[in-house]
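Now for the letters of each chain:
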There are 2 protein chains.
Amino acid sequence: MAIDPKQTKILLDESEMPTQWYNIVPDLPAPPPPPLHPGTHEPIGPDDLAPLFPMALIMQEVSADRYIDIPSEVLDVYRLWRPSPLYRAHRLEAALDTPAKIFYKYEGVSPAGSHKPNTAVPQAFYNAQEGVTKLTTETGAGQWGTALAFACSLFDIECEVWQVRASYDQKPYRKALIETFGATIHPSPSVLTEAGRQVLAASPDTPGSLGIAISEAVEVAAQDPEIRYALGSVLNHVLMHQTVIGEEALLQLAKVDETPDVIVGCTGGGSNFAGLTFPFLREKMAGKISPTIRAVEPAACPSLTRGTYAYDFGDTAGMTPLMKMHTLGHDFVPDPIHAGGLRYHGMSPLLSHIYDSGLIEAESIPQLECFEAGVQFARTEGIVPAPEPTHALAATVREALKAKESGEETVILTALCGHGLLDMAAYDRFFAGDIVDYDYPEEKVQDALTRLPMVGS
Amino acid sequence: MAIDPKQTKILLDESEMPTQWYNIVPDLPAPPPPPLHPGTHEPIGPDDLAPLFPMALIMQEVSADRYIDIPSEVLDVYRLWRPSPLYRAHRLEAALDTPAKIFYKYEGVSPAGSHKPNTAVPQAFYNAQEGVTKLTTETGAGQWGTALAFACSLFDIECEVWQVRASYDQKPYRKALIETFGATIHPSPSVLTEAGRQVLAASPDTPGSLGIAISEAVEVAAQDPEIRYALGSVLNHVLMHQTVIGEEALLQLAKVDETPDVIVGCTGGGSNFAGLTFPFLREKMAGKISPTIRAVEPAACPSLTRGTYAYDFGDTAGMTPLMKMHTLGHDFVPDPIHAGGLRYHGMSPLLSHIYDSGLIEAESIPQLECFEAGVQFARTEGIVPAPEPTHALAATVREALKAKESGEETVILTALCGHGLLDMAAYDRFFAGDIVDYDYPEEKVQDALTRLPMVGS
């Protein structure tokens, strides 16, 4: 069938929804370094993780299978918004006067308004199956907390969320949304946990960080055998759940006979980026396609481009296993940029390993350029992006302008991982001229090195 | 092809998008009464409307054609979100334990998060075509103002919005969103217009009303030949633009072999309800289907169920033509319910005429029952509804529970005309126990009668 040149949305039917998640680990040239026990520094096994996660997720975390079936109960929930649309950004292309073709996979159609329910739903499902009655978690901008609250409401589990103070104050509607889905929410650091009280004693005015909020949620989960903890990014199984994004995008681009030349995605913990790119990376490693694949991070929190690749804790208090990853130091508190979901000191160990293997590139972009791209996108494509994917859009604009200069019909693919309707206070500040860029000077890099835990190797 | 019983979204391709709007007027048993000049009380002609509207829209307002082609420039914008999905509410059905099948047409996928862009886009397009440089308008909850701001940004027209003070204060994110799309916004009543200053002099603490905001926007447009006014509901051409909703829903239900027994939709000015139901009413008048079609309005602002069918002004200051409609009196200021889009003293003259002809039913529901339905919907279907469509959802729940009692497999169709992500402050107040019901006592009905303009007939 002929392709309509004006076609804007490339849709899939529910019958075309992927029925398996893709696990990239067995396809990599070398396996990623194992996580280590924080006390013994020995590689940890499934049992070490059992106080925090249900066994089904732990087995996914260490799985050597390339594909894992998505349970039908999870698929039935995915049907509420999946397959998500792939858009051709005709109007943005016209505004940029570029010969590039820009495609964006839009995850804002989910109940939480982002890609996060793709993993929240299976996490809640597996926990419910194993008799867990309550999940604790952290959230930055609030996308993950919303997603887990929604998922828990479907499987009748309680949900308690610690939200980074800076975002809690900036985005008051998130609290109401998380409560609408039936969960409880606290600003972090809070006086409810030992980890929170310690941070507050040292820095009463701290804006908080994802690392601190993780410590709080982990502490509460570790104390009660009926409570488990859920993480919205970073871990292998979380990244794997997100691969439905890229699998769908592969099918959708095939429907319009396009192959991407460049794929850009924003990275905080890495799950959105991995979800979009791992299926394309599989095809690239198999020699079928050859796109440039690039992670985009905030200049204020540049774990891939400026951090060290070393063993570090996932949280601030040092309660998690040690993971080899690109890190700015587990006690680094990023400046209060509005992309709260990207304010994380580390990067997914799996993604860090892939970056270290030279399979992907990375760049960092300051937030003002990102907001400018976000506003241009809203005024052309109609969707107000969350501050996180404005980083991907700023990178897209850079690529489109490069294509304009070279005259090449570059095919750019990106993920618009969430809308910004609950981040409007940030846009309000942008229009008021209150958004500033933050520097990440060399001293910070050196300082981070001195604070890494000492691990042999 | 067999229909998957678990199918949740019934989608259409862009190629299946309706290419014509449906004008119900020539299909009605009798024509609706004409609008009258406010001074002479004689029927008005196209020229009388020319200071406010472009001629293309005026000709649509009085058209006797059953179908009007949608310009390709408008279709290209519709592609950003149309065709919108029709959902089967499997999880809500299960929670209600009802044999009813519940379908909802979801318009929250649009850039403004509601059905309003369906008419904002053609209105901005026709104005731009006729050389208009700026549009003024009113907005209640903010859905319409957002939609027009978005549409104007696409066709390079300035946009100035007066938002009802009660909503302006309750929903601060709307301001940021409207500004993101490049428009200017003021709370109404404002000191910028004679109409606003008069109201403020008499009632400095007024929560405002759609009637007052219309007066302000009309006043500014009438003073400058390059400025026109745009209305988000009430008028024939606005209702007609919305019929894409119902045309798509007809196709979508046919794809799953279903015929609605009951159609319910919320009504403020009437455009969402008309958009959903007019194509079904056409089929019903042709004897092909026989659904009950029912408008649902707030108990605090019950123009159809408690208002008088008489000639009245569309605005508070008495600047618009006189229209025969169900009205609570043009100077009625509804209680500050959160469904700001339903706080209008009148009802679309066309819809009023159809109601008066006995072709549709109406009911009113108090806001607490609506919020309860909205929260139940969010926790089962994942979408937080705007306060306006919670009225349609409350009516849907009533019908589903009736079906449970009778054991009938009633097919219910409704429109979820917008999401509530910019209305989270209202949900916050609901959980805090701060939402109250408002009474509309018989004295109010009597009082309204005394304030109607005197028109012979």
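The numbering scheme is per chain: residues are counted from 1 as the chain's sequence reads. Whichever chain is written first becomes A and whichever ligand is written first becomes 1, with later ones labelled in order. With the structure being a predicted model, the display of local features is reserved for residues of pLDDT at least 70 and the display and counting of side-chain atom pairs for 80 or more, all residues being used for whole-chain, interface and lining totals. Heavy atoms throughout the structure, all of them, feed into the side-chain values; hydrogens and water do not.

**A look at the sheet that holds strand 11 (residues 292–298) of chain B**
Residue and element names in this part refer to chain B. Applicable threshold: Two strands qualify as a pair provided that DSSP identifies no fewer than 2 bridges between them. Secondary structure elements are defined from DSSP: runs of H or I of at least 4 residues count as helices, runs of E of at least 2 residues count as strands, and each element is numbered from the N terminus. Contacts are assigned to residue pairs that have any heavy atoms within 4.5 Å of one another. With axes taken as lines fitted to C-alpha atoms, and helix axes fitted only over the stretch in contact, angles between N-to-C directions fall between 0 and 180 degrees.
The strand order across the open sheet built from seven strands is 1-4-5-15-10-11-14, with neighbouring strands paired in mixed fashion. Unpaired on one side and paired on the other, strand 1 (9–10) and strand 14 (361–365) mark the two borders of the sheet. Sheet strands touched by helix 12 (residues 243–255): strand 1, strand 4 (86–88), strand 5 (101–106) and strand 15 (411–416). Its angle to strand 5, the strand with the most contacts, is close to 140°.

**Some details on the pattern of salt bridges**
Heads up, the rule is: The rule for a salt bridge is simple: a side-chain nitrogen of Lys or Arg has to be within 4 Å of a carboxyl oxygen of Asp or Glu.
Going through the model one piece at a time under the given rule, you end up with 66 salt bridges over all chains. The partner of Glu409(B) in a salt bridge is Lys101(B), with the nearest N and O atoms 3.7 Å apart. Of the two residues, Glu409(B) is situated in the loop between helix 17 (387–406) and strand 15 and Lys101(B) in strand 5; the sequence distance between them amounts to 308 residues. Shared partners join several salt bridges into a network, and the residues in it are Arg294(A), Glu361(A), Glu363(A), Glu369(A), Arg398(A), Glu399(A) and Lys402(A).

**Observations concerning the environment of Gln20(B)**
All names here are of chain B. The criterion, for reference: Each polar contact in these results corresponds to two N or O atoms within 3.5 Å; when the atoms are within protein, one needs to be able to donate a hydrogen and the other to accept it, and residues that are neighboring in sequence are counted only if both atoms are side-chain atoms.
Residue placement: Gln20 occurs in strand 2 (residues 20–22). Sequence separation of Gln20 and Tyr67 is 47 residues, and the distance between their C-alpha atoms is 5.9 Å. Ignoring anything within four residues of it in the chain, the contact list for Gln20 reads Tyr67, Ile68, Asp69 and Ile70. Only 2.9 Å separates the side chain of Gln20 from the side chain of Asp69, close enough to count as a polar contact.

**Quick look at the relation of the copies chain A and chain B**
Here is the rule: Here the copies are matched by least squares. The fit uses the C-alpha atoms of residues with pLDDT of at least 70 in both.
Mapping chain A onto chain B calls for a screw motion: a turn of 180° about the axis and a shift of 0.0 Å along it, with 0.0 Å RMSD after fitting. Taken together, the rotation angle and the small translation identify this as a two-fold axis. The share of interface residues of chain A whose copies in chain B are also at the interface is 100%, consistent with both copies meeting through the same surface.

**Concerning the packing of helix 5 (residues 117–129) of chain B against helix 6 (residues 143–154) of chain B**
All names here are of chain B. Heads up, the condition is: Angles are sorted into four bins: roughly parallel if under 35 degrees, roughly antiparallel if over 145, roughly perpendicular if 65 to 115, and oblique for all others. What makes a crossing left-handed is the near helix being turned counterclockwise from the far one by less than a right angle; a clockwise turn instead makes it right-handed. Polarity classes work like this: nonpolar for Ala, Val, Leu, Ile, Met, Phe, Trp, Tyr, Cys and Pro, charged for Asp, Glu, Lys and Arg, and polar for all others, with Gly in that last group.
Between helix 5 and helix 6, the least distance of the axes is 8 Å, while the angle of their chain directions is 40°. Classed by the angle they form, the pair helix 5 and helix 6 counts as oblique. Seen along the crossing, helix 5 lies across helix 6 with a hand that is right-handed. Contact residues: helix 5 offers Pro117, Thr119, Ala120, Val121, Gln123 and Ala124, while helix 6 offers Trp144, Ala147, Leu148, Phe150, Ala151 and Cys152. Here the contact of helix 5 with helix 6 is composed, by residue class, of ten nonpolar, two polar and no charged.

**Description of the interface of chain A and chain B**
Put simply, the rule reads: Buried area: the accessible area, evaluated with a 1.4 Å probe, that two parts lose upon being put together, summed over both parts.
The interface of chain A with chain B comprises 50 residues on the first partner and 50 residues on the second. Taken together, the two surfaces of chain A and chain B that pack against each other cover about 4000 Å², and 55% of this comes from carbon and sulfur. The three residues of chain A that bury the most area against chain B are Leu80(A), Tyr173(A) and Thr180(A), which together make up 18% of that side's buried surface. Linking chain A with chain B are eight salt bridges. The shortest N-O distance in the salt bridge between Glu14(A) and Lys9(B) comes to 3.3 Å. Taken together, the links from chain A to chain B amount to 22 residue pairs in polar contact (both at pLDDT 80 or more). Sort the elements by how many residues they give to the side of chain A that touches chain B and helix 8 (residues 172–180) of chain A lands first, with seven residues.

**Digging into the confidence of the model for chain A**
For the record, the criterion: One confidence number per residue, pLDDT, is output by the predictor and ranges from 0 to 100.
Summing up the model confidence of chain A, the mean pLDDT is 94 and the portion of residues at 70 or higher is 99%. In the predicted complex, the global pTM is 0.95; the interface-specific ipTM is 0.94.

**A look at unusual backbone geometry**
Residues and elements named next belong to chain B. Note the threshold: Three labels apply to residues, based on accessible area from a 1.4 Å probe with only protein chains included: buried if under 20% of the type maximum, exposed if over 50%, partly exposed otherwise in between.
Look at the link from Arg82 to Pro83: it is a cis peptide, with omega at -10°. Along the chain, Pro83 falls in the loop between helix 3 (72–78) and strand 4. With omega at 5°, the peptide bond leading from Ser188 into Pro189 counts as cis. Relative to the elements of secondary structure, Pro189 occurs in the loop between strand 8 (184–188) and helix 9 (194–202). One non-glycine residue with positive phi stands out, namely Val234, at about 70°. Following the sequence through the fold, Val234 ends up in the loop between strand 9 (227–229) and helix 11 (236–241). Its identity as a non-glycine residue notwithstanding, Asp257 has a phi of 55°, on the positive side. Structurally, Asp257 is set in the loop between helix 12 and strand 10 (262–266). Relative accessible area serves as the criterion here: at 65%, Asp257 is assigned to the exposed category.

**As for helix 10 (residues 210–222) of chain B**
Residues and elements named next belong to chain B. For clarity, the threshold we go by: Residue count minus one, scaled by 1.5 Å, sets the expected span of a helix.
For helix 10, which comprises 13 residues, the first-to-last C-alpha distance of 18 Å matches the rise-based estimate of 18 Å (1.5 Å per residue) to within 8%. The element helix 10 is largely enclosed, with a buried count of twelve among its 13 residues. Taken residue by residue, helix 10 has Leu210, Gly211, Ile212, Ala213, Ile214, Ser215, Glu216, Ala217, Val218, Glu219, Val220 and Ala221 as its buried positions. If you follow the buried residues of helix 10, they end up packed against strand 6 (134–139), strand 7 (158–164), strand 8, helix 9 and strand 9.

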